[in-house]
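Summary of the model geometry
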Amino acid sequence: MVYPLVSIITVVRNGESCIQYCIDSIKNQSYENIEYIIIDGCSTDNTLNIIRRNSDSISYWISEPDDGIYFAMNKGITVAQGDIIGILNADDLYYPTTIERVVQAFKSHDFHGYTSGPIDLIDANGVTYGISTPLSFEKRYIRRFIEMPCSHQSVFVSKTVYQSCGVFDTHFKLSADYDLILRFMHHNIPCIELHESLGAFRSGGQSTSLKSNIDTFMVHRKYNLPLIKAIFYFCRSSLAKLLMNFMNPGLFQFIRIGRKSKYSYDVN
């Protein structure tokens, strides 16, 4: 087997409650050729002390002001040396064989393209309540303006793809990951589909806020979606997020997709 270098980037600011779980999920990988990069946005809590305690497992880290999460991600991509690059948010985690499975999948595509796959959904206590499943190949283009084609956490990208398509567009403060996936699709970059859950995503944050819908609306207009359709999708998504805020997340997920993940991850 070829053992390419895989770069994992974690962007964090004031993540003392969860970043150790994130770091541990990288330390516990079955795959060894990993470059782990942490970009900290001047944390004022205990985050930097946790990073320092784990410095033996971190290839590169920096703490300085930035202009937002995607600006920080781009900073990480710029310094990354890996053939494959993944981005893992500080409150999320990978399962122990995730990177090994990703490398095996890339090998069949000559290490070009990007991945998509299922991601488990966990609440603040680490309890699994559902799963985010990527759109199938058949539905990816049909529904690309209706929903995110795949969870950003499941997207590992060949460095050559970033070089040819560019990195995150920092004009979008909350939906630059969605814009990036649409850009990959626009350039017909091959999507490598994985079928087992790659990790756990902790619910909450700005990606589930109504503010992100405005950003998504602007992404739709960038790709010339007709104004009426863009407005319709904005209203539809806003209603869904309002329901999400008032409902139990597990119940909302069950109503939305009608199933629960077979995976679990206890962070307690």
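Okay, so let's go over this structure. (Residues numbered from 1 in each chain as written. Predicted model: local features only at pLDDT ≥ 70, side-chain atom pairs only at ≥ 80, totals over all residues. Heavy atoms only, no water.)

Our next topic: the packing of helix α7 (residues 176-186) against helix α8 (residues 211-222). A packed helix pair is summarised by two numbers, namely the angle formed by the two axes and the spacing between the axes. Where α7 meets α8, the axes come as close as 9 Å, and the angle between the chain directions of the two elements is 20°. Classified by the interaxial angle, the pair formed by α7 and α8 is roughly parallel. Remark: the crossing between α7 and α8 carries right-handed chirality. Contact with α7, carried on its side by Tyr178, Asp179 and Leu182, involves Thr216, Val219, His220 and Lys222 of α8 and no other residues of that element. Here the residues of the contact of α7 with α8 sort into three nonpolar, two polar and two charged. (Axes fitted to C-alpha atoms, helices over the stretch in contact; angles between N-to-C directions. Helix = DSSP H or I, 4+ residues; strand = E, 2+ residues; numbered from the N terminus. Parallel < 35°, antiparallel > 145°, perpendicular 65-115°, else oblique. Left-handed = near helix turned anticlockwise from the far one by under 90°. Contact = heavy atoms within 4.5 Å. Nonpolar A, V, L, I, M, F, W, Y, C, P; charged D, E, K, R; others polar.)

This brings us to the pairing of strand β1 (residues 6-12). The two faces of the sheet receive side chains in turn, since in a regular strand these alternate between them. Counting buried positions over the seven residues of β1 gives seven, a clear majority of the element. Alternating residues of β1 divide into Val6, Ile8, Thr10 and Val12 and Ser7, Ile9 and Val11, and every residue in both groups is buried. Relative to strand β2 (residues 34-40), β1 runs parallel, the two sharing seven bridges. In the strand pairing of β2, Ser7 is matched with Glu35. The handedness of the β1 to β2 crossover, carried by helix α1 (residues 19-27), is right-handed. (Buried < 20%, exposed > 50% of the residue type's maximum accessible area, 1.4 Å probe, protein only. Pairing = 2+ DSSP bridges. Right-handed = clockwise from strand over helix to strand, strands pointing away.)

Moving on: the side chain of Asp120. Inspection of the secondary structure assignment puts Asp120 in strand β7 (residues 119-122). Within the buried set, Asp120 has no salt-bridge partner at all; the shortest N-O distance to an opposite charge, 8.6 Å, is to Arg101. There is a polar contact of 2.4 Å between the side chain of Asp120 and the side chain of Tyr95. (Lys, Arg positive; Asp, Glu negative; His and termini not counted. Salt bridge = Lys/Arg side-chain N within 4 Å of Asp/Glu carboxyl O. Polar contact = N/O pair within 3.5 Å; in protein donor to acceptor, adjacent residues only side chain to side chain.)

To continue, consider unusual backbone geometry. Unusually for a residue other than glycine, Cys42 sits at a positive phi of about 60°. Along the polypeptide, Cys42 turns up in the loop between β2 and α2 (47-53). Its relative accessible area of 28% is what places Cys42 among the partly exposed residues. One non-glycine residue, Phe111, adopts positive backbone phi at about 60°. Mapping Phe111 onto the fold places it in the loop between α4 (98-107) and β6 (114-116).

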